[in-house]
Amino acid sequence: MNRVILEAIALERRFTTDNPMFGTPTVVHAVNGVNLKVRQGETFAIVGESGCGKSTLARVLTRLIPASGGAVHFAGRDLSLLKPAEVRALRREIQFIFQDPFSSLNPRMTVGALIEEPMRVHKIGTRAERRARVGQLLERVGLPAQAASRFPHEFSGGQRQRIGIARALASEPTVVIGDEPVSALDVSIQAQVVNLLADLKEEFGLTLVVIAHDLAVIRHMADRVAVMYLGEIVELAPAEALFETPRHPYTEALVAAIPLPDPAMRRAEARVAGELPNPIAPPPGCKFHPRCPYAVERCARERPALSPADAQGRQVACHRAADLSLSGLAETETVRSPAAQRRFDLYAKARAAEATTE
Ligand SMILES: Nc1ncnc2c1ncn2[C@@H]1O[C@H](COP(=O)(O)OP(=O)(O)OP(=O)(O)O)[C@@H](O)[C@H]1O
């Protein structure tokens, strides 16, 4: 098994904001005691609805923002103990791809200057070598080398994301974090960018951490998946097992909400039932219990801990995990919530239709 490259140990991040209504500060536990290990060379996905804390987790993991508690280890070293020069070196090792890669960048910089910038900052190569590498990177992400002299606004969304990927690769990182890297793109373009990322990962020996609210995006690319709900990991499992037989009811609901291949069916309940509770005052016990079709009295009272990994490497935080036999996309006799059953029936129908047209 590959070595652990990135590890979160009881990681916490709280945000305190002034509450104009009551004049008292309110605290959001955006990341609340997260433990996880990302192994070198894997694609590790973090999924959950908007507001579950995925982006905050990624930012704390890479020291873009400080943790409020716990620790992060990169290649076995505690990030909080790094000296400033070592933090700069870390910036070279870990790169981000954002949903809109240019929203925070200078629109007057050419594509070439934007891709070259990380090399300049980290003092990689001579000017001529950097320019040559910009051209190579552009071609590697599927754009002509001449794109270097143009400006980001001259490109389509998919092309801009390719430029963002070239920029992320410029400093020769070991870990690339994609924060919703394709969610702003059309579905047809999404697949192309996902495939590009998968190819580049192999070619450059990268470790990928992909954050997504849409499970369809990571279904074919992730090796392992962590499911987050209100700042906590509720399930962590190899991707295939998670999609086929989810063990947490929240995962089941997310899998059931995967958009269907047929657009006519895509609208049907493509979301988890109920609203995400106010993160300032999360429910007691299991935070998912008010939305859970399987909740029992204990769930409202006692918070379930994330179980130790089983033989398959699966972990789940659910009191009912042992007596429920949930099913996502597996076609076995199992328990499903009525909503998940309806979605599953539609999915099975869509898959059967696809099979007959192949
Ligand atoms: N700078 C901040 N100040 C106050 N609260 C914040 C801040 N950043 C995030 N939060 C809160 O922390 C919680 C988690 O937010 P986060 O953006 O990490 O979630 P997410 O799952 O990545 O959602 P999204 O996909 O919408 O970005 C939310 O309740 C959010 O309002």
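Residues numbered from 1 in each chain as written. Predicted model: local features only at pLDDT ≥ 70, side-chain atom pairs only at ≥ 80, totals over all residues.

Named according to an unreviewed UniProt entry, the chain is Oligopeptide/dipeptide ABC transporter ATPase originating from Thioclava atlantica. We quote the UniProt Subcellular location (unreviewed entry) comment for the chain here in full: "Cell inner membrane". Per UniProt, the chain has the following entry under Sequence similarities (unreviewed entry): "Belongs to the ABC transporter superfamily." (UniProt positions renumbered as here; feature names shortened; annotations may be inferred.)

Taken together, the seven strands give an open sheet; going across it, the order is β6-β7-β8-β3-β9-β10-β11, and neighbouring strands pair in mixed fashion. The sheet terminates laterally at β6 (94–97) and β11 (315–316), the two strands that pair on one side only. Pairing analysis gives two bridges linking strand β10 (residues 232–238) to β11, with the strands arranged antiparallel. Note that in β11 the partner of E235 across the bridge is V316. (Pairing = 2+ DSSP bridges. Helix = DSSP H or I, 4+ residues; strand = E, 2+ residues; numbered from the N terminus.)

This part is about the site of the ligand. The environment of the ligand is formed by 14 residues, the closest being F15, A30, S50, S55 and T56. Going through the elements one at a time, β1 (4–18), β2 (25–39) and α1 (54–61) are the ones with two or more residues in the shell around the ligand. Residue composition of the shell around the ligand, grouped by class: five nonpolar, eight polar and one charged. (Near = placed C-beta within 6 Å. Nonpolar A, V, L, I, M, F, W, Y, C, P; charged D, E, K, R; others polar.)

Attention now goes to the packing of helix α3 (residues 111–121) against helix α4 (residues 127–140). The interhelical angle for the contact between α3 and α4, taken along N-to-C directions, is 120°, at an axis separation of 9 Å. Relative to α4, the element α3 is oriented oblique. The two elements α3 and α4 meet at a crossing, and its hand is right-handed. Residue-level inspection shows G112, I115, E116, M119 and R120 of α3 in contact with α4, the latter providing R130, R133, V134 and L137. Taken together, the residues of the contact of α3 with α4 break down into four nonpolar, one polar and four charged. (Axes fitted to C-alpha atoms, helices over the stretch in contact; angles between N-to-C directions. Parallel < 35°, antiparallel > 145°, perpendicular 65-115°, else oblique. Left-handed = near helix turned anticlockwise from the far one by under 90°. Contact = placed C-beta atoms within 7 Å.)

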